[in-house]
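# Notes for the structure review
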Amino acid sequence: MTAPTQDPGLDAGYDPTGAPHTADEVRSSSVGELLRQVTTDLSTLLRQEVELAKAEIRQEGRKAGRAAGLFGGAGFGGYMVALFLSLALWAGLSNVLDAGWAALIVAVLWGALTAVLYSLAKQHARRVRGLRQTNDSVQRIPDALKPHPEGVTR
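If you're wondering where the values come from, they're calculated on a predicted model, not measured in any experiment.

### Regarding the overall build of the chain
Within the chain, the regular secondary structure consists of 4 helices and 0 strands. Listing each helix as α and each strand as β along the chain from the N terminus yields α-α-α-α. Buried residues in the chain amount to 10% of all 154 residues. Of the contacts formed within the chain by residues at least 6 apart in sequence, a portion of 62% connects residues at least 24 apart. Of the roughly 12500 Å² of accessible surface on the chain, a fraction of 66% belongs to carbon and sulfur atoms.

And the structure:
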């Protein structure tokens, strides 16, 4: 097994600072060399964008996973409390009203609460931020591919 000596995308003419080549350097390069450099740069750029997206997804996924687990536990606890409070309310109302009417009143109260919670959940779902850095970075790619007026003339 051999250890890699150099990244395959880097060569002797590669400038890691990202500084553009001078007009003389570009003029003296062959079309094949220029295409190879562009292909290498695009490949590197796409790999970096994929890695950025993966890192953001992992980071946001961990946060969402923890929150989902905690919400799940709180939801189950809340469900049990609501169940027993509903049964107590139903039993209490059935002392004054018929049991059927008491159950209907409890169901209507739960329906109203459900509508309010759904409305709040919908508002909060709109605030999910997504992958901002990846999105911003990918949107800048077409600008990087456009020729610049101060660039090389043929």
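Continuing now.
### A closer look at the pattern of salt bridges
For side chains bearing opposite charge, pairing can occur when the charged atoms are close. A full pass over the atoms with the stated rule returns 3 salt bridges. Across the salt bridge formed by Glu-33 and Arg-36, the nearest N and O atoms sit 2.8 Å from each other. Of this pair, Glu-33 and Arg-36 are both found in helix α2 (residues 31–96), 3 residues apart, which corresponds to roughly one turn of the helix. Judged by its relative accessible area of 27%, Glu-33 falls in the partly exposed class.

### Here's the deal with α2
Here α2 contains 66 residues, and its C-alpha end-to-end distance of 91 Å stays within 8% of the 98 Å for a straight helix at 1.5 Å per residue. Considered for burial, the residues of α2 that qualify are Leu-34, Gln-37, Thr-40, Glu-49, Ala-53, Glu-56, Ala-82 and Ser-86.

### Quick look at the side chain of Ser-86
Structurally, Ser-86 can be placed in helix α2. A relative accessible area of 14% means that Ser-86 is categorised as buried. A polar contact of 2.7 Å, which involves the side chain of Ser-86, links it to the backbone oxygen of Ala-82. Beyond its immediate chain neighbours, meaning those up to four positions away, Ser-86 contacts Val-106 and Trp-110.

### Some remarks on the confidence of the model for the chain
This prediction gives the chain a mean pLDDT of 80; 78% of its residues lie at or above 70. This stretch, residues 1–13, has a pLDDT under 50; its non-local contacts, to residues over four places away or in other chains, come to 5 contacts.

### Quick word on a nonpolar patch on the surface
The grouping of Leu-89, Val-96, Leu-97, Trp-101, Leu-104, Ile-105, Val-108 and Leu-109 at the surface amounts to a nonpolar patch, some 770 Å² of accessible area in total. Within the residue set of the nonpolar patch, elements represented by two or more residues are α2 and α3 (99–125). Here the nonpolar patch takes 5 residues from α3, the largest share from any one element. Classification of Trp-101 as exposed rests on a relative accessible area of 55%.

### Some points on the packing of α2 against α3
One can describe the packing of α2 onto α3 by two numbers: an axis separation of 8 Å at closest approach and a directional angle of 140°. Note on packing geometry: the crossing formed by α2 with α3 is right-handed. Side by side, α2 and α3 meet where Ala-82, Ser-86, Leu-89, Trp-90, Leu-93 and Ser-94 of the first sit next to Ala-99, Ala-102, Ala-103, Ile-105, Val-106, Leu-109 and Trp-110 of the second. The residue makeup of the contact of α2 with α3, split by class, is 11 nonpolar, 2 polar and no charged.

### Thoughts on the environment of Gly-92
As for its placement among the helices and strands, Gly-92 is situated in helix α2. Using a relative accessible area of 36% as the deciding quantity, one classes Gly-92 as partly exposed. For Gly-92 and Ala-102, which are 10 residues apart along the polypeptide, the C-alpha to C-alpha distance reads 8.4 Å.

### Comments concerning the environment of Leu-93
Positionally, Leu-93 belongs in helix α2. Its relative accessible area of 22% is what places Leu-93 among the partly exposed residues. Distance in space between the C-alpha atoms of Leu-93 and Ile-105 is 8.8 Å, their sequence separation being 12 residues. What Leu-93 contacts, discounting residues up to four positions off in sequence, is Ala-102, Ile-105 and Val-106.

About the criteria used
- Residues numbered from 1 in each chain as written.
- Predicted model: local features only at pLDDT ≥ 70, side-chain atom pairs only at ≥ 80, totals over all residues.
- Heavy atoms only, no water.
- Helix = DSSP H or I, 4+ residues; strand = E, 2+ residues; numbered from the N terminus.
- Buried < 20%, exposed > 50% of the residue type's maximum accessible area, 1.4 Å probe, protein only.
- Contact = heavy atoms within 4.5 Å.
- Areas by Shrake-Rupley, 256 points an atom, 1.4 Å probe, with all protein chains shown as cover.
- Salt bridge = Lys/Arg side-chain N within 4 Å of Asp/Glu carboxyl O.
- Expected span 1.5 Å × (residues − 1).
- Polar contact = N/O pair within 3.5 Å; in protein donor to acceptor, adjacent residues only side chain to side chain.
- pLDDT = per-residue confidence, 0-100.
- Patch = residues over 30% accessible without salt bridge, like charges linked within 9 Å, V, L, I, M, F, W, Y side chains within 5 Å.
- Axes fitted to C-alpha atoms, helices over the stretch in contact; angles between N-to-C directions.
- Left-handed = near helix turned anticlockwise from the far one by under 90°.
- Nonpolar A, V, L, I, M, F, W, Y, C, P; charged D, E, K, R; others polar.

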